[in-house]
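The primary structure of each chain is shown beneath.
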Amino acid sequence: MTLISFVVPAFRVQGYLRECLDSILGQPETDIEVIAVDDCSPDASGDIIDEYAARDQRVHSVRLPENVGLGPARNIGLDRAVGEYVWFLDGDDWLAPECLTEVAERLRVTRPDVLLVDHVRTHWNDTATRSAMAEVFPESPGPGTFRLRDRPEAMHLLHTAWNRLVRREFLVDLGLRFAPGWYEDVSFSYPVLMAARRIGVLDRVCVNYRQRRAGAITRTRGDRHFEVFPQWHRVFHLMDSWGPAAEALRPAVFERMIWHYLTVLGNGQRIAPELRPAFFAQITADYERWLPPGGYPVPDGVEGIKHKLVASGRWRTFSALRAASRARDAARRQARTARRKVGPVARRGARLTRDGLLREYYRAELRRPVDPTLAVYAAYWYRGYSCNPAAIYEVARRLAPGVRGVWIVRRDRVDSVPDGVEYVVAGTPAYYRVLARARWLVNNVNYPDFVRKRPEQVHLQTHHGTPVKVMGLDQQRYPIGAGRMDFAGLLRRVDRWDYSVSANSFSTQMWDRAYPATYTTLEVGYPRNDRLVTAGPEEVRRLRAEFGLDPDEQVVLYAPTHREHLPGYRPPFDPDRFVQALGDSGRLLMRSHYFHDRDRRPGQPKDWERVRDVSGYQRVEDLYLVADVLVTDYSSAMFDYAVLDRPIVLYTPDWEAYRLARGVYFDVTAEPPGAVAATFADLLDLFRTDAVRSDAAAKAREHFRARFCTLDDGRAAERVVRQVFLGEPDGRSTRC
């Protein structure tokens, strides 16, 4: 018999599900199975489950035709489980490394009905908060087991399904199922403890309980939080059906019920002010209905006062007490902030330098009406006219002629703007004016922190690549690669987004976790790749002629990414030896990352006859079109170039160091878009032997394209324009 069956329901967890499944399947203990239940999730959760099931026989995929909710989805997984124990793990949480070794040993030795394990709350800012395990059990209970009546304090551990493993046969005999609705853990976790004859406690952190910044039920206001009441009613009805055997536990269970109700009521992110009186009234009604005849242990201090106010139904006094407490806490925070301030506060007028005056001008422009016809575009921190914003701009001129598009560019990049494209120079009064008054703000990176998005404005974030390296909040786990990134500031910028363009399902999944906010995802393909799809042979011949490339020459584009954690790093690459390996008809185009644009003179060629530096060339799509082969490392260029279905070579001399220091979302050397070379000598051999075009390389590229390029059909920009500028609905949009 399998030892542990993991039941993992999945609904809108595509950004986290891979980490959850990897944390289970990567454990040293392998006597497990995973029942992953796609609860008709509108995102890619089901596809992710199928992907894992296809490559690991321990994973079983269950796809539900309609959404049933967390509780019923767990029941469906339970019905398919065959393990001796069942562990219900949520799809956005994950296991601690190697924890399963200790869990399995404890299960095999003590054979408990229920094994409670410890957890930490892992927050979006990469901090963790310990559970109440140390307070509930100041001294470890050890490997022995007990009944709840002997250690009722066990009920003070968090009442969730995922911090306990339950013996499946015991659960089936008990006939206990998860109820539908919110707070479904309540009517499962407490009865399981009350009915168990053998309860064990493993004082080891096993679960990372993710505290999501966006999308969590605990951060969702609404009247569905009233569903906590029927869940507790089920607990007491069960106790009534069990008769005298459960009476000894009734006072402790009652105290937990009132504590839980007050916890929900006190959370301002759950119960809106207008619903609080009704919620409080229901607490009082349940107090009167379920109060044990002999009373219960009323807490001390302020908590005890709250219980007494509930008992007497005194909402106004309770509300006043809550307001006074919040005011006191706010005053303490202000006092701490004041103590941290050192030195005199400079007069505001003294800061009005030229930049300060321009910012004042910007604030004044914010008070003027938004221009309903103005769209502002920018790319790569104002480096010029390029990338997804340029593709969207061109389609908007055709489909939305009533929209006036204006570009923001740096002063040293004015010459890169095509004729007929209106622009303003960054840092000028015109720059601040268009930022303040534009209806649409389009960028492939974030606008500066001072930019304030007005309610009437629409912010479109296009991004500029499918991520290999980790991005956004995920960089917190890789401090070497993150440098001095201000993650709180990053989230303030992300909160300005209304739309986020995604090139593929994989990008959507990664953006969900890297940039958690309430924007709408437009999973439509990358607008900049439209040209790669629509350009015909004649345009390719024209471009090659403009570059001075003969039709029969083999043109290789070398485009490595940069290393934020290694300033000045250049991969070991000898262009002279490389072109020799290409043969007499080979030409090499070299393009450095745009971050290095101030380190060179744009477009200045090297002194090699067959090697050309194209780092300063504005439109990388032209370079893709003229190249027969792309050589890159961890750059998003591979995803774009794959649209052309031409050979790609990954040259990865520092893969292990890059993966550990910078962090990656997947192993590109294991799932490459073509041939892979770990050393320069290997790279030369690939071209000398023409292995870049081998059957194995072509098959790898086919798989890569099927995963990342299916949306690039030449109409991505049109889909964006129709939805964002023209307000036409599109079925590919999802709310994050």
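This structure is a prediction, so every number in the text was calculated from the model and none was measured.

**Student:** It is not clear to me how the packing of aromatic side chains should be interpreted in this structure. Could you clarify?
**Tutor:** For any pair of aromatic rings, geometry is given as the distance between the ring centres together with the angle between the planes. One pass over the full model with this rule turns up 50 aromatic pairs. Centre to centre, the rings of F178 and F188 are 4.0 Å apart; their planes meet at 20 degrees, and the pair counts as stacked. Taken together, the residues F178 in the loop between α6 (168–174) and α7 (186–195) and F188 in helix α7 connect sequence positions 10 residues apart. There is no split in this pair, since F178 and F188 are both buried. For the pair F704 and F708, a centre-to-centre distance of 4.7 Å together with 50 degrees between the ring planes defines the contact as tilted. A residue pair is termed a helical-turn pair when its members lie 3 or 4 positions apart in one helix, as F704 and F708 do in helix α26 (residues 695–708) at four residues. According to the relative accessible area criterion, F708 is buried, its value standing at 2%. Taken together, the ring pairs connect Y558, F573, F578, Y651, F680 and F687 into an aromatic cluster.

**Student:** It is not clear to me how the pattern of salt bridges should be interpreted in this structure. Could you clarify?
**Tutor:** For side chains bearing opposite charge, pairing can occur when the charged atoms are close. Summed over the entire model, instances satisfying the criterion amount to 57 salt bridges. Of the charged contacts, one joins E184 and R74 as a salt bridge, the two residues approaching to 3.3 Å between their closest N and O atoms. Here E184, found in the loop between α6 and α7, pairs with R74, found in helix α3 (residues 70–80); they are 110 residues apart in sequence, far enough to count as distant. Salt-bridge contacts for R619 lead to E621; the nearest nitrogen and oxygen are separated by 3.9 Å. Taking the relative accessible area as the measure of exposure, R619 reaches 23% and is therefore partly exposed. Because the salt bridges share partners, they merge into one network encompassing E19, R210, D474, R477 and R513.

**Student:** Is there a simple way to think about the sheet that holds strand β22 (residues 675–677) in this case?
**Tutor:** Two orientations exist for strands paired in a sheet by backbone hydrogen bonds: parallel and antiparallel. Read across the open sheet, the six strands follow the order β19-β18-β17-β20-β21-β22; overall the sheet is parallel. If you trace the sheet from one side to the other, it starts and ends with β19 (611–613) and β22, each paired once. Each neighbouring strand pair of the sheet contributes to a mean axis angle of 20 degrees, computed without reference to strand direction. In this sheet, strand β21 (residues 648–651) lies alongside strand β20 (residues 629–632) in parallel orientation, the contact comprising three bridges. Opposite L630, over in β21, you have I648 as the bridge partner.

**Student:** Please clarify how unusual backbone geometry should be interpreted in this entry.
**Tutor:** Peptide bonds are mostly trans, and most non-glycine residues show a negative phi. Even without a glycine there, the phi angle at D645 is positive, about 55 degrees. Within the secondary structure, D645 is located in the loop between α23 (637–641) and β21. Phi at D690 takes a positive value of approximately 60 degrees, unusual for a residue other than glycine. As for its position among the elements, D690 is in the loop between α25 (680–688) and α26.

**Student:** Would you take a moment to explain the nonpolar core for this structure?
**Tutor:** The nonpolar side chains of soluble globular proteins are, as a tendency, buried together. The biggest cluster of nonpolar side chains holds 88 residues, and the ones touching the most others in it are Y377, L460, Y515, L557, V724 and F725. Counting residues per element, this core draws most heavily on helix α14 (residues 387–399), which supplies six residues. Those residues in contact with Y515 that lie beyond four places of it in its chain are H463, M471, G472, L490, V494 and W497. Counting residues in hydrophobic clusters, the runner-up holds 63 residues, among them L157, V228, V235 and Y296.

**Student:** Would you mind showing me how to read the side chain of H459 here?
**Tutor:** Secondary-structure assignment places H459 in strand β14 (residues 458–461). Residue classification places H459 among the buried positions, given a relative accessible area of 1%.

**Student:** What should I look at first to understand the environment of Q554 in this one?
**Tutor:** Among the structural elements, Q554 can be located in strand β17 (residues 554–558). Sequence separation of Q554 and A627 is 73 residues, and the distance between their C-alpha atoms is 7.8 Å. Other than its neighbours up to four places away in sequence, Q554 contacts L582, S585, G586, R587, D628, V629, F687 and R693.

Definitions and limits used
- Residues numbered from 1 in each chain as written.
- Predicted model: local features only at pLDDT ≥ 70, side-chain atom pairs only at ≥ 80, totals over all residues.
- Heavy atoms only, no water.
- Phe/Tyr/Trp six-rings, centres within 6.5 Å; stacked < 30°, edge-to-face > 60°.
- Helix = DSSP H or I, 4+ residues; strand = E, 2+ residues; numbered from the N terminus.
- Buried < 20%, exposed > 50% of the residue type's maximum accessible area, 1.4 Å probe, protein only.
- Salt bridge = Lys/Arg side-chain N within 4 Å of Asp/Glu carboxyl O.
- Pairing = 2+ DSSP bridges.
- Axes fitted to C-alpha atoms, helices over the stretch in contact; angles between N-to-C directions.
- Core = buried A, V, L, I, M, F, W, Y, C linked by side-chain atoms within 4.5 Å.
- Contact = heavy atoms within 4.5 Å.

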